[in-house]
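Now for the letters of each chain:
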Amino acid sequence: KKSLFLLNPPAMWLLVWWQTDIISTVEFNHTGELLATGDKGGRVVIFQREPEGKTEPFSQGEYNVYSTFQSHEPEFDYLKSLEIEEKINKIRWLPQQNAAHFLLSTNDKTIKLWKVSERDKRPEGYNLKDEEGRIKDISTVTSLQVPVLMPMDLMVEVSPRRVFANAHTYHVNSISVNSDCETYLSADDLRINLWHLGITDRSFNIVDIKPANMEDLTEVITAAEFHPFHCNLFVYSSSKGTLRLCDMREQALCDKHSKLFEEPEDPSARSFFSEIISSVSDVKFSHSGRYLLTRDYLTAKVWDLNMENKPLETYQVHDYLRSKLCSLYENDCIFDKFECAWNGSDSVIMTGAYNNFFRMFDRNTKRDVTLEASRESSKPRAVLKPRRVCAAGSKRRKDDISVDSLDFSKKILHTAWHPAENIIAIAATNNLYIFQDKLNSEMH
């Protein structure tokens, strides 16, 4: 069935979390049954999709809190006199191999592998322990018994399994799990490292763009991701707006890329801000592996892996901000790093904007919509109304919002799309919203 947000506005499903710290990353697992968020306080909150209700057998299950744990603590590097924040930069789920779930989380320096498992039984009838767990006096043990498993209330256990540290001089901005399910990459401003999930004391440097003299530095790495099913391919983006596709079969150090995706600059449109707004803040492979989705400050672009000289599609996210670049530079908003996401069929893309707006673009019909994630104006299961921003000096229609009245402190930087269904998660500062396509709920 064809079901797109652009055909029917999504309904607000549930405002599931309110926390004092700003959400810094959002990620669905590979089935979409679990959703993880990380915040600036170093905490990870996992939400689980509830099964369909018994009273409404066709109703969609809602997401409720499944587990909360402290992933990272603040640290201090005494050698460099540098404080290391506990903020979670990225979370990536590993494909599920058994009953347990595994995820990677990282702050600026340290990556951790966590195991999330359930326990609903406990052993009873130990020979050498009493009911409170204390060791018995062996001389008092006169008979042997077989321990048995007794049912107990369900308990979710989260335990650290690996800590990958001391491999990055600069802040980690990306982690990506390989399709071989054995390795993953981590990227900072100047280097990309390849790790084995079972080895913590060493990694392999696969990209190094650090110049011999740091004064010659012209660009930094902004994001990196593995191909969804070719374990030898990965892509990384730069602050110059370029994408480099690398093949690990060619050489151990992938300083020489296989393909370079770059759009020629229009000399007539060049300005003081050109280099800043062209920096790519996020790059995502499509589920098919054929396309790349990138986000820079003003646009989202879709690239075909077989066409390097220009993007296949360019979408203006908030072109009305071009006249505001000076003030955005002065308040540092021009350096905000917006993420982007594909829907499950690669037919619609989503990315965030200011004033708690987020944008969706239908690649087939070329239709687009602006929606708002707002605690004040939204109630559970309310239908979102499309919003429209009018540029300064243009004619306003009813319900239009002037670009001069936008709140730049409210911004949607982090979004995630369910891998199979039209369900999205939107992080609006310290609120998490989950939206569901209205079509799905109406069909039932």
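Higher on the page you've got the structure.
Residues numbered from 1 in each chain as written. Predicted model: local features only at pLDDT ≥ 70, side-chain atom pairs only at ≥ 80, totals over all residues. Heavy atoms only, no water.

**Concerning the layout of surface pockets**
- Empty space within the largest pocket amounts to approximately 1100 Å³.
- Lining of the largest pocket is provided by 48 residues; of these, Lys 87, Ser 281, Phe 335, Asp 336 and Lys 337 occupy positions nearest its centre.
- Every element with two or more residues in the lining of the largest pocket is listed here: strand S2 (23-28), strand S8 (90-93), strand S12 (174-177), strand S16 (221-226), helix H1 (274-278), strand S20 (282-285) and strand S30 (412-417).
- A per-element tally of the lining of the largest pocket places S16 first, with 5 residues.
- Here the residues of the lining of the largest pocket are counted per class, giving 19 nonpolar, 14 polar and 15 charged.
- Of the volumes computed, that of the second largest pocket is approximately 890 Å³.
- If you trace the second largest pocket, you find 32 residues lining it, with Glu 27, His 30, Arg 92, Glu 225 and His 287 closest to the centre.
- Tallying contributions element by element places S2 first for the lining of the second largest pocket, with 4 residues.
- Residue composition of the lining of the second largest pocket, grouped by class: 15 nonpolar, 10 polar and 7 charged. (1 Å grid on protein atoms, 1.4 Å probe; cavity = no way out; pocket = protein on both sides within 12 Å on 5 of 7 lines; lining within 4 Å. Points joined across faces, edges and corners; volume = space filled by probe spheres on them. Helix = DSSP H or I, 4+ residues; strand = E, 2+ residues; numbered from the N terminus. Nonpolar A, V, L, I, M, F, W, Y, C, P; charged D, E, K, R; others polar.)

**Here we look at the pairing of strand S10 (residues 111-124)**
- Sheet analysis places strand S9 (residues 101-106) next to S10, joined by 6 bridges and oriented antiparallel. Counted as the bridge partner of Phe 102 is Lys 115 from S10.
- Hairpin connection between S9 and S10: a loop of 4 residues separates the two successive antiparallel strands.
- Bridge count for S10 against strand S11 (residues 148-164) is 13 bridges, and the pairing is antiparallel. Bridge pairing in S11 links Glu 124 to Val 148. (Pairing = 2+ DSSP bridges.)

**Examining the nonpolar core**
- If you look at the biggest cluster of nonpolar residues, it comprises 30 residues, and the most contacted ones within it are Tyr 297, Leu 321, Leu 328 and Leu 406.
- Discounting chain neighbours no more than four positions away, the residues touching Leu 328 are Tyr 297, Leu 321, Cys 333, Ile 334 and Phe 408.
- Judged by nonpolar contacts, the second largest core, of 16 residues, contains Met 360, Val 369, Leu 371 and Trp 417. (Core = buried A, V, L, I, M, F, W, Y, C linked by side-chain atoms within 4.5 Å. Buried < 20%, exposed > 50% of the residue type's maximum accessible area, 1.4 Å probe, protein only. Contact = heavy atoms within 4.5 Å.)

That is the geometry; function is a separate question.
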